[in-house]
Amino acid sequence: MAAGLGAESDHQQQKSIADFDPQIKKPPKRNKYAFACAILASMTSTLLGYDTGVMSGAAIFIKEDLKISDVQVELLVGTINIYSLIGSAVAGRTSDWIGRRYTIVITGAIFFAGALLMGFSTNYAFLMVGRFVAGIGVGYALMIAPVYTAEVSPASSRGFFTSFPEVFINGGVLLGYVSNFALSKLSLRLGWRMMLGIGAVPSVFLALIVLVMPESPRWLVMQGRLADAKKVLDKTSDSKEEALQRLADIKEAAAIPPECNDDVVAVPKNGRSGKAVWKELLLHPTKSVRHILIAGVGIHFFQQASGIDAVVLYSPRIFEKAGITSKNEKLLATIAVGVTKTIFILVATFLLDRIGRRPLLLSSVGGMIISLATLGLSLTIIDHSQKKLTWAVGLAITTVMSFVAFFSIGMGPIAWVYSSEIFPLKLRAQGTSMGVAVNRLMSGVIGTTFISLYKAMTIGGTFFLFTGIALVSFIFFYTCFPETQGRNLEDVESLFGNFHWLRDSNAAKKTARASAANNQSSGDASSASNVQLVGRGVTNSNN
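Remember, it's a predicted structure, so these values are computed and weren't measured experimentally.

## Re the overall build of the protein chain
Moving on, step 1. Looking only at helices and strands, the protein chain features 22 helices and zero strands.
Moving on, step 2. Looking at the protein chain as a whole, 54% of its 543 residues qualify as buried.
Moving on, step 3. The long-range fraction of contacts in the protein chain, counting pairs at least 24 apart against all pairs at least 6 apart in sequence, stands at 82%.
Moving on, step 4. As displayed, the protein chain offers around 23200 Å² of accessible surface, 66% of which is attributable to carbon and sulfur atoms.

Following this line, the structure appears as structure tokens:
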């Protein structure tokens, strides 16, 4: 009997203590179907990364084989990003017309044609034609992959999923670097042509595999195909309730009345008019849309203006300036750059939905500023030294790696994640296209002027310039970028239009600290009281 009472009292004690334990809400599991869709769509970005990375090493052999000047090398390397402006401008309209999925198929076909043209080039002019076609494909891939991924992703995993295009870009860049090293042993005439032409093989596979993907639910709603959109949302949402809420939000954004629930409905004309979209985006934007446009375009401007493509496209030249003269050693060091970028972009994918966009972005830019300043200093010391300084060479190589690491853990993926999720639905394709256009324009400017720039102001001075730009970007991000983590795409617009979120964020931190202190003191008192209550219960029970 006493044993029974003792067991009962133990049960009561455990129950009483458990009653005061906080209830922890488990995050939803990753949606495997949405995960697969995001992976398939983002694989197109591998071709983009390969075309960018492979030219870094191929340019060494092309210059030697075709006897071209440094200015021609700059044009060959950098103009692909200028050409991509055409692709990104057309891609937004194409994706609204034929859908996100078939736009990805077109992207693969364009990359296939560009790779073949470059691989069979007989002279510089022919090679530039191939780069032009490949540039169109780059513009398409940069625009469509993040948009499709954002539109199929549930809010809980959107940051993780929409960072995939950047992951695959980095993977493609690394493959390009490895291709440079592996094929450098071939004859001069064959080697660089194989490097460029081999990109045609995966483009066929990627164009075909995309056909098994579903269409974007947001595009389906914009076409009035509610039943088809609901099927996709049911598969790509974390719950049936979330699927219904996402559908309701998309219908509202597309100006479809809530009571319209037929399988196919008519979409109001102002929900699809291209002219109305551009007017609302550029000519008569609301306060929130203006803020979104500045943020969406600004992050792409600073992503490239801070010099990442100077390192990606010209790393062999940078290592040469740092004191590495052997071709093999330069190409191996370049592979190390690719490995570093890829590792840290993978780390970033797991942090985006845990830490949030804003703290990760600010930490990333802070690290980039320090790395760029140190790289500029080390290259300046090497440039002015009469003998080889091993420590300075090591510092230069280390800071190149730290720069790409800090870029890849924040600025790299967040530019695509953020710009793909902040624009309202009816402005998303065009708004994202504008961001991509600015990104490619700045990348083109850096790519086509870097050699001339460092010849005019020294290699160290060029990286000091990038340091100053990165410092300005930190101030811009700190003042203009609200946190979007965990928000539904249709809710994000409400964060923009003023800076109340910045004041609220600071106030919330102060309130949280004060609340934590109060909870701690009251919690100690409550715990003592609870123990007394439990103790009394045990005593009474024993009695």
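On we go from here.
## Quick notes on helix 15 (residues 287-305)
Moving on, step 1. Across its 19 residues, helix 15 extends 26 Å between first and last C-alpha, which sits within 8% of the 27 Å expected from 1.5 Å per residue.
Moving on, step 2. Along helix 15, 15 of the 19 residues are buried, which leaves the element largely enclosed by surrounding structure.
Moving on, step 3. The positive-phi residue at the C-terminal boundary of helix 15 is Gly-307, with phi of around 100°.

## Comments concerning the pattern of salt bridges
Moving on, step 1. For the coordinates displayed, the defined rule picks out twelve salt bridges.
Moving on, step 2. Between Asp-70 and Lys-455 there is a salt bridge whose closest N-O contact spans 2.7 Å. Placement of the pair is Asp-70 in helix 4 (residues 70-98) and Lys-455 in helix 20 (residues 425-457), with a sequence separation of 385 residues.
Moving on, step 3. Given a relative accessible area of 15%, Asp-70 falls into the buried group.
Moving on, step 4. Among the residues examined, Lys-455 registers a relative accessible area of 52% and is labelled exposed.
Moving on, step 5. Arg-225 serves as the salt-bridge partner of Asp-228, at 3.1 Å between the closest nitrogen and oxygen.
Moving on, step 6. Under the relative-accessibility criterion, Asp-228 is labelled partly exposed at 29%.
Moving on, step 7. We classify Arg-225 as partly exposed; its relative accessible area is 33%.
Moving on, step 8. What you see here is one network of salt bridges that share partners, running through Lys-63, Asp-70, Arg-317 and Lys-455.

## Quick notes on the nonpolar core
Moving on, step 1. In this structure, Ile-62, Leu-196, Phe-450, Phe-463, Phe-477 and Phe-481 are the most contacted members of the largest nonpolar core, which totals 118 residues.
Moving on, step 2. Among the elements that line this core, the one with the most residues is helix 19 (residues 390-422), at 15 residues.
Moving on, step 3. The contact partners of Ile-62, leaving out residues within four places of it in the chain, are Met-55, Lys-67, Ile-68, Leu-76, Leu-127, Trp-192 and Leu-196.
Moving on, step 4. Formed by 16 residues, the second largest nonpolar core is a distinct cluster that contains Trp-219, Leu-220, Ile-250 and Ala-254.

## Digging into the packing of helix 4 against helix 5 (residues 100-119)
Moving on, step 1. Between helix 4 and helix 5, the shortest axis-to-axis distance is 7 Å and the interhelical angle comes to 130°. Relative to helix 5, the element helix 4 lies oblique. Contacts from Ala-91, Thr-94, Ser-95, Asp-96 and Ile-98 in helix 4 reach Arg-100, Tyr-102, Thr-103 and Ile-106 in helix 5.
Moving on, step 2. A class-by-class count of the residues in the contact of helix 4 with helix 5 yields four nonpolar, three polar and two charged.

## Some points on the packing of aromatic side chains
Moving on, step 1. Per the stated rule, a full pass over the model turns up 16 aromatic pairs.
Moving on, step 2. With centroids separated by 5.3 Å and ring planes inclined at 25°, the aromatic side chains of Tyr-314 and Phe-450 adopt a geometry described as stacked. Residue Tyr-314 is located in helix 16 (residues 308-321), and its partner Phe-450 is located in helix 20; the two are separated by 136 residues in the primary sequence.
Moving on, step 3. What makes Tyr-314 buried here is its relative accessible area of 3%.
Moving on, step 4. A relative accessible area of 1% means that Phe-450 is categorised as buried.
Moving on, step 5. Ring geometry for Phe-450 and Tyr-454: centres 5.3 Å apart, planes at 70°, overall edge-to-face. Of this pair, Phe-450 and Tyr-454 both sit in helix 20, separated by four residues, roughly a single helical turn.
Moving on, step 6. Judged by relative accessible area, which is 7%, Tyr-454 ranks as buried.
Moving on, step 7. Linked through ring pairs, Phe-301, Phe-302, Tyr-418, Phe-476, Phe-477, Phe-481 and Phe-496 together constitute an aromatic cluster.

## Side note on helix 20
Moving on, step 1. For helix 20, spanning 33 residues, the distance from its first C-alpha to its last is 45 Å, which sits close to the expected 48 Å at 1.5 Å a residue.
Moving on, step 2. The largest bend along helix 20 measures about 55° and falls at Thr-449.
Moving on, step 3. Directly beyond the C-terminal end of helix 20, a positive phi value near 70° is found at Thr-458.

## Quick word on the UniProt feature "coiled-coil region" (unreviewed entry) in the protein chain
Moving on, step 1. Feature annotation in UniProt places "coiled-coil region" (unreviewed entry) on residues 226-253, given in this structure's numbering.
Moving on, step 2. Along residues 226-253 the backbone is 89% helical and 0% strand, and the end-to-end C-alpha distance reaches 14 Å.

## Overview of the environment of Ala-276
Moving on, step 1. Residue placement: Ala-276 occurs in helix 14 (residues 274-283).
Moving on, step 2. Overall, the relative accessible area of 30% leaves Ala-276 in the partly exposed class.
Moving on, step 3. Ala-276 sits 151 residues away from Leu-427 along the chain, and the two C-alpha atoms are 9.6 Å apart.

## Some thoughts on the packing of helix 15 against helix 21 (residues 459-480)
Moving on, step 1. As a packed pair, helix 15 and helix 21 sit with axes 10 Å apart at the nearest point and diverge in direction by 155°. What the angle tells us is that helix 15 and helix 21 run roughly antiparallel. Crossing hand, helix 15 versus helix 21: left-handed. Residue-level inspection shows His-291, Ile-294, Ala-295, Gly-298, Ile-299, Phe-302 and Ala-305 of helix 15 in contact with helix 21, the latter providing Phe-466, Ile-469, Val-472, Ser-473, Phe-476, Phe-477 and Cys-480.
Moving on, step 2. Broken down by class, the residue content of the contact of helix 15 with helix 21 amounts to eleven nonpolar, three polar and no charged.

Analysis parameters
Residues numbered from 1 in each chain as written. Predicted model: local features only at pLDDT ≥ 70, side-chain atom pairs only at ≥ 80, totals over all residues. Heavy atoms only, no water. Helix = DSSP H or I, 4+ residues; strand = E, 2+ residues; numbered from the N terminus. Buried < 20%, exposed > 50% of the residue type's maximum accessible area, 1.4 Å probe, protein only. Contact = heavy atoms within 4.5 Å. Areas by Shrake-Rupley, 256 points an atom, 1.4 Å probe, with all protein chains shown as cover. Expected span 1.5 Å × (residues − 1). Salt bridge = Lys/Arg side-chain N within 4 Å of Asp/Glu carboxyl O. Core = buried A, V, L, I, M, F, W, Y, C linked by side-chain atoms within 4.5 Å. Axes fitted to C-alpha atoms, helices over the stretch in contact; angles between N-to-C directions. Parallel < 35°, antiparallel > 145°, perpendicular 65-115°, else oblique. Nonpolar A, V, L, I, M, F, W, Y, C, P; charged D, E, K, R; others polar. Phe/Tyr/Trp six-rings, centres within 6.5 Å; stacked < 30°, edge-to-face > 60°. Bend = angle between axes of the 7 residues up to and from the residue. UniProt positions renumbered as here; feature names shortened; annotations may be inferred. Left-handed = near helix turned anticlockwise from the far one by under 90°.

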